[in-house]
Amino acid sequence: SLKRALQQAWKLSESEWPDYLPRGRRPPYNPEFNARMDRLRAARDARAQEFNLDSSLLASNATLATIASLNPRQLEDFVQIEKWLPWQTEILGHPFLEALKS
């Protein structure tokens, strides 16, 4: 099926190619954001160690960046995070809120 898909793609004219999607712009340096990221990573890593898990299984760095940007103030705020699951709030919600208070 891969070979068939590649053969079909090679037959496309340049006008039929998908549009180029430019990369998102990197946000300007923000020391508060970076400090929140550091505290969130530390909280996540501590919880992962308690469960003897790789920390990325609890929350990816991309998810931490979203949380650092949103800077939630209560557990209910975590539902705004794309692909965030209820079990993550249960395990990480309070530690993350504490980390963000600092």
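All of these numbers come straight from a predicted model, not from anything done at the bench. (Residues numbered from 1 in each chain as written. Predicted model: local features only at pLDDT ≥ 70, side-chain atom pairs only at ≥ 80, totals over all residues. Heavy atoms only, no water.)

A few words on a nonpolar patch on the surface. Judged by side-chain polarity, L2, L6 and W10 come together as a nonpolar surface patch covering roughly 390 Å² of accessible area. Along the chain, L6 falls in helix α1 (residues 2-11). You can call L6 partly exposed: its relative accessible area is 36%. (Patch = residues over 30% accessible without salt bridge, like charges linked within 9 Å, V, L, I, M, F, W, Y side chains within 5 Å. Areas by Shrake-Rupley, 256 points an atom, 1.4 Å probe, with all protein chains shown as cover. Salt bridge = Lys/Arg side-chain N within 4 Å of Asp/Glu carboxyl O. Helix = DSSP H or I, 4+ residues; strand = E, 2+ residues; numbered from the N terminus. Buried < 20%, exposed > 50% of the residue type's maximum accessible area, 1.4 Å probe, protein only.)

One turn of an α-helix holds 3.6 residues; hence residues three or four places apart share an orientation. Given a rise of 1.5 Å per residue, 16 residues ought to cover 22 Å, and the 21 Å separating the end C-alpha atoms of helix α4 (residues 86-101) matches this to within 8%. At L92, α4 is bent by approximately 55 degrees, the largest bend along its length, and proline P95 sits one to four residues beyond. Inspection of α4 places Q88, T89, I91, L92, G93, F96, L97, A99 and L100 among the buried residues, and these make up the whole buried set. Buried-residue contacts for α4 involve α2 (31-51) and α3 (61-70). (Expected span 1.5 Å × (residues − 1). Bend = angle between axes of the 7 residues up to and from the residue. Contact = heavy atoms within 4.5 Å.)

Let us look at the packing of aromatic side chains. For the structure shown, the criterion picks out two aromatic pairs. Ring plane angle 20 degrees and centroid distance 5.4 Å describe the contact between F78 and W84, whose orientation is recorded as stacked. You can call F78 buried: its relative accessible area is 0%. Relative accessible area serves as the criterion here: at 10%, W84 is assigned to the buried category. (Phe/Tyr/Trp six-rings, centres within 6.5 Å; stacked < 30°, edge-to-face > 60°.)

Once that is clear, we can look at the packing of α2 against α4. One way to put it is that α2 packs onto α4 with a least axis distance of 9 Å and a crossing angle of 145 degrees. When the axes of α2 and α4 are compared, the crossing they make is right-handed. Residues R36, R39, L40, A43, R44, R47 and F51 of α2 form the contact with α4, whose participating residues are I91, L92, P95, F96, A99 and L100. (Axes fitted to C-alpha atoms, helices over the stretch in contact; angles between N-to-C directions. Left-handed = near helix turned anticlockwise from the far one by under 90°.)

The next subject is the nonpolar core. One finds L40, L64, I67, F78, W84, L92 and F96 to be the most contacted residues of the largest nonpolar core, which totals 19 residues. Not counting the four nearest positions on each side in its chain, W84 is found in contact with A59, T63, I67, F78, T89, L92 and F96. (Core = buried A, V, L, I, M, F, W, Y, C linked by side-chain atoms within 4.5 Å.)

By the element assignment, L97 lies in helix α4. Judged by relative accessible area, L97 falls into the buried class, the value being 11%. What L97 contacts, discounting residues up to four positions off in sequence, is P72, R73, Q74, L75 and F78.

Evaluated as defined, the whole model comprises four salt bridges. The partner of R47 in a salt bridge is E50, with the nearest N and O atoms 2.6 Å apart. Residue R47 and its partner E50 are both found in helix α2; the two are separated by three residues, about one turn of the helix. Residue class for R47 comes out buried when judged on its relative accessible area of 18%. K101 is the salt-bridge partner of E98, the closest N and O atoms lying 3.1 Å from each other. With E98 and K101 both in helix α4, this residue pair falls three residues apart, about one helical turn.

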